[in-house]
Amino acid sequence: MSPRPNTGRLPVMAAVLSIVIGLSVLVLGWGFGIRTFLTPLEGSVSMKPPTATSLATLGAALAVALLVTRPMVRRIFQALTVLLVAGMGLMLIERLIAKFWGANFSMLPVHSSIEAALPLVLNGVAILGLLQPANRRPRASTEQILALLAGAVVLPIFTAEILTFGQPGEMANYNRLAPHSAFAVLLLSAGVFFARPEPGSPSGFVAADSLAGRVMRHLLLAGFAIPLLEGAGERFISNHGLPVTWHIGAFTVAQIVLLSTIALYVGWVLRRSDRLRNVAEKERSAALHQLEYQAARLQESVSRRTTELSQALAYNQRLALVASHTTDAVFITNAAGEIEWVNERFTKVFGYTLAEVSGRRPAQALAGPDGTIPALAELHARVDGGELVHAEAIVKAKSGTPFWCEVEMQPVRTTGGAAAGLVGSLSDITARKAAEEQVLAAKEEAEQLNSQLENAIAQAQQSAIEANIASQAKSAFLATMSHEIRTPLNGIIGMAGLLRDTGLDARQMDFARTIETSGDALLAIINDVLDYSKIEAGRIELERAPFDLRQCIENALDLFAAKVAEKNLELLASVDASIPTMIVGDVTRLRQIVVNLVGNALKFTATGEVVVSVSSTKTDGGLEVQIAVRDTGIGIPADRRDRLFQPFSQVDSSTTRKFGGSGLGLAISRRLAEAMGGRMWVESEEGRGSTFSFTFATQEDPDALPIGEESRPTFAGRSVLVVDDNAASRQWLIAHLSPWGLRVTACESGAAALEVLGRGERFGVIMIDRAMPELDGLALAERIRSGPAGATPLLLMNSLVETANVTGFFGQVSKPFKCAALFSALGAAFGRAPGTVTAVPMEKNVELSTLRLLLVEDNPVNQRVANMLLAKLGYRATLVQNGAEAVAAVEAGTFDVILMDMEMPVMDGCEATRRIREMRAPTRPWIVALTANAMNSDRQRAFASGMNDFVAKPIRLGDLKSALERIGSDRAHDPAFAGVVVS
């Protein structure tokens with residue numbers, strides 16, 4: 001079978017070019033009068049509007065026949081083509097009458113030549129066939145013969161016009177058809193010819209993707225081109241007066257070359273065909289061998305199948321034997337519905353022999369001595385109708401004993417489809433029915449239990465309501481107790497802090513610090529109890545706001561600077577560079593977890609370091625951040641780790657335990673991590689340390705740049721010498737300084753550093769740890785300054801609690817390290833001229849001494865504490881006892897800031913704030929809540945009443961100072977507070 005021809009692009013291109021030529025002549029030639037489109041060759045005739053219209057319409061119809069399948073569109077173009085063929089046919093008839101009879105007969109206002117009308121009519125009729133539905137189309141050869149006839153009419157004219165090109169006088173003899181008309185009609189005929197190249201048709205033979213098709217296409221092209229080239233050459237020689245011998249010799253050589261080329265091509269094709277035929281013969285031989293092999297296998301398979309069928313026949317005989325011994329009672333009836341065979345089980349179950357039930361219907365034989373069973377008779381009738389029935393019924397044995405049976409009856413038919421009887425089987429289900437009755441009884445009992453359960457659920461719901469009320473009462477009680485405990489704690493801690501600044505001796509200072517430390521411990525327990533109560537009540541609320549994760553970790557570590565210095569430990573934070581700078585979440589709760597874990601690690605670590613590692617993993621929902629706190633402490637025994645995350649539980653719960661605590665910190669931290677979409681776990685080895693890890697879900701802020709991106713052009717090629725006895729600290733500095741473009745050399749002691757410098761190595765900056773054994777940082781700095789590297793800027797790595805000025809250092813970097821501060825210090829050191837040595841500057845407090853303050857506080861002790869703290873910061877405040885007095889004071893005078901207690905007699909702070917906000921005054925005072933109600937709901941209640949800031953009791957000097965300093969920055973964002981004066 002020859003390959004199916006492929007239509008290809010020629011018909012579509014022919015249709016498009018016909019449309020383009022026809023529309024160009026109509027629009028540009030006849031519409032705008034451009035002569036070139038009407039008469040492209042000098043001496044030729046113009047294309048008439050009917051011819052141009054016909055070419056455009058027939059080209060569009062051919063394109064629709066090839067590309068469009070919608071019936072409505074095809075029917076529209078069928079109608080247009082019919083109208084066009086009819087019109088062109090009338091024009092053809094007019095011309096024929098005028099040519100042969102000389103009559104001047106005109107039926108249409110427009111006219112066309114016979115040479116134009118006849119091929120267009122032939123192509124139009126062929127295109128009508130292409131537009132027909134597939135099941136109604138004529139044979140493809142019909143359309144192709146019409147296209148060939150149309151081409152045969154135009155081809156001589158087109159050839160003559162090519163041969164007379166450049167000879168206007170001669171071209172006038174062939175001016176019956178414009179050259180572009182002839183070209184367009186030939187192109188349209190070719191498109192129609194190849195529009196449906198079906199196998200067996202002329203175009204199918206030419207367009208077939210086969211060896212014959214390729215040879216035919218090349219020979220047709222040569223046969224079309226050779227005469228044209230010969231004629232054009234002959235005309236060229238004649239027109240230029242060249243000798244006749246040139247004509248004969250040149251075209252003899254040309255014909256020899258062309259014919260030789262064709263012969264070589266045909267020979268190559270035949271050689272290739274022979275080679276392909278040989279390959280095909282080999283493949284055919286191989287296929288015959290394969291066929292013989294498959295036939296042998298098939299014969300073997302038939303033989304095996306025959307053996308299997310014989311075995312199956314024997315199996316069926318055995319199956320009949322099994323049916324006679326099955327546990328079900330089986331009976332078979334004849335076409336009349338009478339029993340003709342029963343198995344042994346039937347005889348045992350019902351007590352009938354085959355002779356006793358032969359000739360009886362099943363409904364009679366299974367009814368015992370009583371007659372018949374109507375249910376079985378109905379089933380029998382259904383089987384006779386061709387159904388397969390399955391039912392349960394009560395039947396009776398020969399003795400009259402009733403029992404339940406599961407009955408199945410199936411019709412048996414002959415090969416012709418006639419009823420031949422039925423096969424029935426009966427299985428005793430009496431035990432199952434008894435079990436079903438028991439299940440029914442159990443169901444009724446379950447329904448009763450369900451009713452009781454519903455009553456119990458109702459009682460449980462009532463209990464839940466009461467428990468919720470109790471929970472609310474507990475929360476209210478905890479809030480009240482928190483307030484009542486924080487109020488005296490404010491006096492204890494505040495007075496203890498003030499007492500330390502009164503010039504006490506060492507023993508008195510120890511007493512004051514003990515009082516303050518005990519108050520802080522009690523306050524921490526209160527905060528843990530409040531947090532856990534909120535988590536237990538499901539009232540924990542998490543904020544979602546952008547924050548700097550690195551800054552959050554660094555700020556949390558700053559809280560432990562004193563303890564780290566006291567225990568001579570290293571506290572480091574390692575944040576993965578891939579973590580975005582800004583993420584979204586609750587920065588306060590995250591800091592609370594980190595502070596809790598770091599505090600625990602420091603509590604149980606005597607030597608070594610505590611390292612906080614931060615990494616992240618991208619998820620479908622955004623980002624999962626993992627924070628791990630690793631210490632080198634005492635570790636946790638494996639049999640006690642289950643107590644870690646239990647509330648009010650300690651690893652060591654004995655009365656002689658060394659480490660204290662409420663046992664709530666880890667429980668709260670784990671609940672907070674879970675509330676943030678993460679989890680918490682611990683890995684520990686007794687005597688080697690522990691690692692507490694937790695994760696939380698977040699999203700990154702794409703607008704923030706990671707820290708240190710701007711450092712590469714600043715530090716590229718610079719070198720730093722790091723001197724620190726702690727390995728973890730050295731590794732941290734290497735890991736964070738190297739990505740900034742710095743070359744880092746690390747030494748574990750002062751002696752090693754001096755050895756490196758003694759070898760003549762030079763560095764841009766030398767970073768020295770202050771606390772080192774044998775040769776400390778200050779002594780090492782003196783040795784370096786007296787040596788060859790004395791002009792190198794020195795940076796002192798110091799703890800936050802060591803605040804004394806030291807000379808000889810360009811600056812200092814506080815531990816725990818902060819990337820931003822470290823980067824800034826290095827940038828300043830590299831940018832300063834060598835050889836300059838200065839003292840490390842100390843920060844200065846900025847006092848807001850011009851603020852007019854009103855203190856609203858009812859507790860005398862808290863009044864004294866607040867006044868003394870304000871006085872220490874350089875402020876004087878007007879004191880009132882309650883909210884009503886505060887409203888009166890604001891009405892009588894002007895205040896910049898009001899420090900407002902929330903819980904007071906007569907009028908509380910929130911109501912007083914609302915009254916003050918309702919006043920019409922040129923400026924509004926800045927109101928700061930000073931309250932022992934430290935819960936989040938209290939903060940929200942304060943802000944809802946119109947307060948601007950919130951400071952929880954006990955009042956810390958730093959918190960109070962920060963609140964007063966915030967006034968200077970926040971007031972600029974609210975024009976209503978423009979009257980607040982800050983100095």
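Above this text sits the structure in question.
Residues numbered from 1 in each chain as written. Predicted model: local features only at pLDDT ≥ 70, side-chain atom pairs only at ≥ 80, totals over all residues. Heavy atoms only, no water.

A. Seen up close, the overall build of the protein chain. Looking only at helices and strands, the protein chain has 31 helices and 22 strands in total. Sorting the 983 residues of the protein chain into buried and exposed places 39% on the buried side. Accessible area for the protein chain stands at about 52,100 Å²; split by element, carbon and sulfur atoms hold 57% of it. (Helix = DSSP H or I, 4+ residues; strand = E, 2+ residues; numbered from the N terminus. Buried < 20%, exposed > 50% of the residue type's maximum accessible area, 1.4 Å probe, protein only. Areas by Shrake-Rupley, 256 points an atom, 1.4 Å probe, with all protein chains shown as cover.)

B. A look at the side chain of Asp-896. By the element assignment, Asp-896 lies in the loop between helix H28 (883-892) and strand E20 (897-900). Under the relative-accessibility criterion, Asp-896 is labelled buried at 3%. In terms of polar contacts, Asp-896 uses its side chain to reach the side chain of Arg-852, at 2.7 Å. (Polar contact = N/O pair within 3.5 Å; in protein donor to acceptor, adjacent residues only side chain to side chain.)

C. Quick look at the nonpolar core. Among the nonpolar cores identified, the biggest contains 47 residues, and Met-47, Leu-55, Leu-62, Met-88, Ile-127, Leu-131 and Val-192 are the most heavily contacted of them. Only helix H1 (10-31), helix H3 (49-67), helix H4 (71-101), helix H5 (114-131), helix H6 (140-163) and helix H8 (179-193) provide two or more residues apiece to this core. Among residues more than four places away in sequence, those in contact with Met-47 are Ile-21, Val-25, Trp-30, Leu-38, Ala-52, Leu-55, Ala-178, His-180 and Ser-181. Within the second largest apolar cluster, 42 residues are counted, among which are Leu-590, Leu-602, Val-614 and Met-676. (Core = buried A, V, L, I, M, F, W, Y, C linked by side-chain atoms within 4.5 Å. Contact = heavy atoms within 4.5 Å.)

D. Molecular detail of the sheet that holds strand E13 (residues 719-723). Pairing in this open sheet of 5 strands is parallel, and the strands run E14-E13-E15-E16-E17 from one edge to the other. The sheet terminates laterally at strand E14 (743-747) and strand E17 (811-815), the two strands that pair on one side only. Adjacent strand axes in the sheet meet at a mean angle of 20° when their direction is disregarded. Judged from the 5 bridges that link them, strand E16 (residues 794-799) and E17 form a sheet pairing that is parallel. Bridge pairing in E17 links Leu-796 to Gln-812. (Pairing = 2+ DSSP bridges. Axes fitted to C-alpha atoms, helices over the stretch in contact; angles between N-to-C directions.)

E. Focus on the environment of Thr-698. Structurally, the position occupied by Thr-698 is in strand E12 (residues 689-698). We classify Thr-698 as buried; its relative accessible area is 1%. Between the alpha carbons of Thr-698 and Val-625 there is a distance of 7.4 Å; along the sequence they are 73 residues apart. Setting aside anything within four residues of it in sequence, one finds Thr-698 in contact with Ile-583, Val-584, Gly-622, Leu-623 and Val-625.

F. Molecular detail of helix H30 (residues 936-945). Restricting attention to buried positions, one finds in H30 the residues Asp-938, Ala-942 and Ser-945. One face of H30 carries all of its buried residues, which in axial projection span an arc of 70°. In this structure, the buried residues of H30 make contact with helix H29 (909-918), strand E21 (926-931) and strand E22 (949-952). Immediately beyond the C-terminal end of H30, within one or two residues, lies Gly-946, with a positive phi of roughly 120°. (Arc of directions from axis to C-beta.)

G. Highlighting helix H18 (residues 549-558). Across the 10 residues that make up H18, a large majority, 7, are buried. What H18 keeps buried is the set Leu-549, Arg-550, Cys-552, Ile-553, Glu-554, Ala-556 and Leu-557. You can read the cap of H18 off the contacts: a side-chain oxygen lies 3.0 Å from the backbone nitrogen of Arg-550, and it is on Asp-548.

H. Just the sheet that holds strand E5 (residues 419-428), in detail. The sheet built from 5 strands is open, its strands ordered E2-E1-E5-E4-E3 with antiparallel pairing. What marks the edges here is a single partner per strand, and that holds for strand E2 (339-342) and strand E3 (389-396). Between one strand axis and the next, the sheet turns by 30° as a mean value, whatever way the strands run. By the bridge criterion, 8 bridges tie E3 to strand E4 (residues 402-413) in an arrangement that is antiparallel. Bridge pairing in E4 places Lys-396 opposite Pro-402. Strands E3, E4 and E5 of the sheet are contacted by helix H15 (residues 374-384), whose axis makes an angle of about 15° with E4.

I. Structural context of the pattern of salt bridges. As enumerated under the stated definition, the model contains 25 salt bridges in all. For Glu-570, the salt bridge is made with Lys-815, and the minimal N-O distance between the two is 2.7 Å. Taken together, the residues span a long stretch of sequence, with Glu-570 in strand E7 (residues 570-575) and Lys-815 in strand E17 at a distance of 245 residues. Looking at Lys-815, the relative accessible area reads 11%, which means it is buried. For Arg-941, the salt bridge goes to Asp-938, with nearest N and O atoms at 3.6 Å. Of this pair, Arg-941 and Asp-938 both sit in helix H30, separated by 3 residues, roughly a single helical turn. (Salt bridge = Lys/Arg side-chain N within 4 Å of Asp/Glu carboxyl O.)

J. Representation of a nonpolar patch on the surface in the model. Together, Leu-23, Val-27, Phe-32 and Ile-34 make up an exposed nonpolar region whose accessible area comes to about 380 Å². In this structure, Phe-32 sits in the loop between H1 and helix H2 (35-38). (Patch = residues over 30% accessible without salt bridge, like charges linked within 9 Å, V, L, I, M, F, W, Y side chains within 5 Å.)

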